Amino acid sequence: MSCILHIETSTKVCSVAATEDGMVLFEKEDKSGPSHAVQLGVFVDEALSFVDNHGIPFDAVAVSCGPGSYTGLRIGVSMAKGLCYGRGLKLIAVPTLELLCVPVLLYQEDLLPDDALLCPMIDARRMEVYAALYDRALRPVRPTAADIVDSETYRAYLDEHPVFFFGDGAEKCRAAISHPNARFLPDVCPLAKNMGPLAEKAFAAGRFEDVAYFEPFYLKEFVASKPKKLL
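Residues numbered from 1 in each chain as written. Predicted model: local features only at pLDDT ≥ 70, side-chain atom pairs only at ≥ 80, totals over all residues. Heavy atoms only, no water.

Bringing helix α3 (residues 96-107) into the picture now. Of all twelve residues that make up α3, nine are buried, and the element is covered over most of its length. Listed in full, the buried residues belonging to α3 are Thr96, Leu97, Leu99, Leu100, Cys101, Val102, Pro103, Val104 and Leu105. (Buried < 20%, exposed > 50% of the residue type's maximum accessible area, 1.4 Å probe, protein only. Helix = DSSP H or I, 4+ residues; strand = E, 2+ residues; numbered from the N terminus.)

See below:
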C-alpha cells in the first residue's frame with residue numbers, strides 16, 4: 001500500500017493530488033495561468049491537511065520532471081524536495097510527456113487503433129515543440145526531442161501509423177501537419193490527478209530519486225544542444 005502526494009507545475013497549469021493505492025483522495029488544479037508561486041503552497045497545504053486528518057501517512061512525493069517551463073519545474077521540484085526532507089519521504093520523478101499520455105490511454109482508448117502512436121507535445125517558441133512518440137503500451141518509439149514542426153517532421157511515422165497529437169503544443173501544429181493519418185485531441189494537459197499510475201509503478205519498482213541531487217528536465221537543455229541554425 002502507498003499514499004503519494006503528486007505535484008504538477010511543468011506548464012501553465014498548477015495542480016496537486018493525493019492518491020492511495022492509485023485511488024485519488026484529493027485534487028486541486030488551477031488552469032487560469034502560470035500562478036504556481038501563489039497557488040502551489042496553498043494546494044499542498046490543503047492536501048497535507050486532508051490526508052493527515054484522515055490518519056493516512058504519506059510514503060512518497062511524485063513530481064512532474066519535465067520537459068517543461070524552467071520556472072514552473074523549479075517551483076514544483078523545490079516544493080517536492082522540501083516535503084521529502086521535512087517528512088522523510090521518497091521522491092518519484094514522472095516524465096511530463098508520459099504523464100500527458102495517461103488521460104488519453106485511460107479515457108480515450110476507444111479512439112485509438114491497435115497500431116496508433118501517441119505524440120504528446122509541449123509548446124515552445126514559434127513552431128517549436130518538445131515531443132516524443134509512444135505506442136499504446138506507453139513504450140517509447142522515439143525519445144523526447146525538440147522539433148521544428150512542418151509537414152515533413154513526423155511523416156515517417158504518419159506514413160505507417162495513425163498518430164495522435166495532443167498537449168499545449170499540438171494546436172499550433174494542426175495547419176502544418178495535414179497528413180491523413182494525423183489526429184488531434186483537444187484539451188489534454190498534464191494534471192497531478194493523472195500521475196497515479198506512473199508514480200505507483202515507480203514506487204512498486206523502487207525507482208526513487210536522490211533528493212539532494214535531483215534536477216528536472218528543463219527545456220533549456222534542448223536549446224543548448226540544438227544546432228545554431230535552429231536557434
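Having put the structure on the table, let's press on.
What follows is about the pairing of strand β9 (residues 163-166). Residues Val163 and Phe165 line one face of β9 and the alternating positions Phe164 and Phe166 line the opposite face, and both faces are buried. Sheet topology note: the strand β6 (residues 117-123)/β9 ladder contains four bridges and is parallel. Bridge pairing in β9 places leucine 117 opposite valine 163. For β9 and strand β10 (residues 182-184), the ladder comprises three bridges, and the chain directions are parallel. Looking at β10, one finds that phenylalanine 165 is bridged to phenylalanine 184. (Pairing = 2+ DSSP bridges.)

As a further point, take the sheet that holds β6. By way of backbone hydrogen bonds, the strands of a sheet pair with one another, either parallel or antiparallel. Taken in spatial order, the five strands line up as β8-β7-β6-β9-β10 in an open sheet, and their pairing is mixed. Two strands in the sheet have a free side with no partner beyond their single neighbour: β8 (140-148) and β10. For this sheet, the mean angle separating the axes of adjacent strands, direction not counted, is 20°. Where α3 meets the sheet, its contacts fall on β6, β7 (128-134), β8 and β9, and the angle it forms with β6 comes to roughly 125°. (Axes fitted to C-alpha atoms, helices over the stretch in contact; angles between N-to-C directions. Contact = heavy atoms within 4.5 Å.)

For the rest of this paragraph, the subject is the pattern of salt bridges. Think of it this way: side chains of opposite charge can pair up when their charged atoms draw near. Enumeration according to the criterion identifies 13 salt bridges in this entry. Close ionic contact of arginine 139 with aspartate 135 constitutes a salt bridge, the shortest N to O distance being 2.9 Å. Aspartate 135 sits in the buried class, given a relative accessible area of 16%. Notably, a salt bridge pairs aspartate 159 with arginine 155, separated by 3.9 Å at the nearest N-O pair. (Salt bridge = Lys/Arg side-chain N within 4 Å of Asp/Glu carboxyl O.)

Running from N to C, helix α1 (residues 36-53) and helix α2 (residues 70-87) point in directions that differ by 30°, and their axes come no closer than 10 Å. For the element pair α1 / α2, the angle class is roughly parallel. The handedness of the crossing between α1 and α2 is right-handed. Contacts between α1 and α2 involve His36, Ala37, Leu40, Gly41, Val44, Leu48 and Asp52 from the first element and Gly72, Ile75, Gly76, Met79, Leu83 and Arg87 from the second. Along the lines of polarity and charge, the residues of the contact of α1 with α2 split into seven nonpolar, four polar and two charged. (Parallel < 35°, antiparallel > 145°, perpendicular 65-115°, else oblique. Left-handed = near helix turned anticlockwise from the far one by under 90°. Nonpolar A, V, L, I, M, F, W, Y, C, P; charged D, E, K, R; others polar.)

Glancing now at the state of the cysteines. Within this structure, the stated rule accounts for zero disulfides. This cysteine, cysteine 119, is not joined by any disulfide, and cysteine 173 carries the nearest cysteine sulfur, 8.3 Å off. (Disulfide = S-S within 2.5 Å.)

As a further point, take the pairing of β8. Examined bridge by bridge, β7 and β8 share six bridges and lie antiparallel to one another. Counterpart to valine 129 in the pairing with β8 is aspartate 147.

All right, on to the environment of threonine 96 then. Along the chain, the position of threonine 96 falls in helix α3. Residue threonine 96 is classed as buried on the basis of its relative accessible area, which comes to 0%. Here the alpha-carbon distance between threonine 96 and isoleucine 122, two residues 26 residues apart in the chain, equals 8.9 Å. Excluding its chain neighbours within four sequence positions, the residues that come into contact with threonine 96 are Glu8, Ser10, Ser64, Cys65, Gly66, Pro67, Ile122 and Pro190.

Just distances and angles here, no functional claims.
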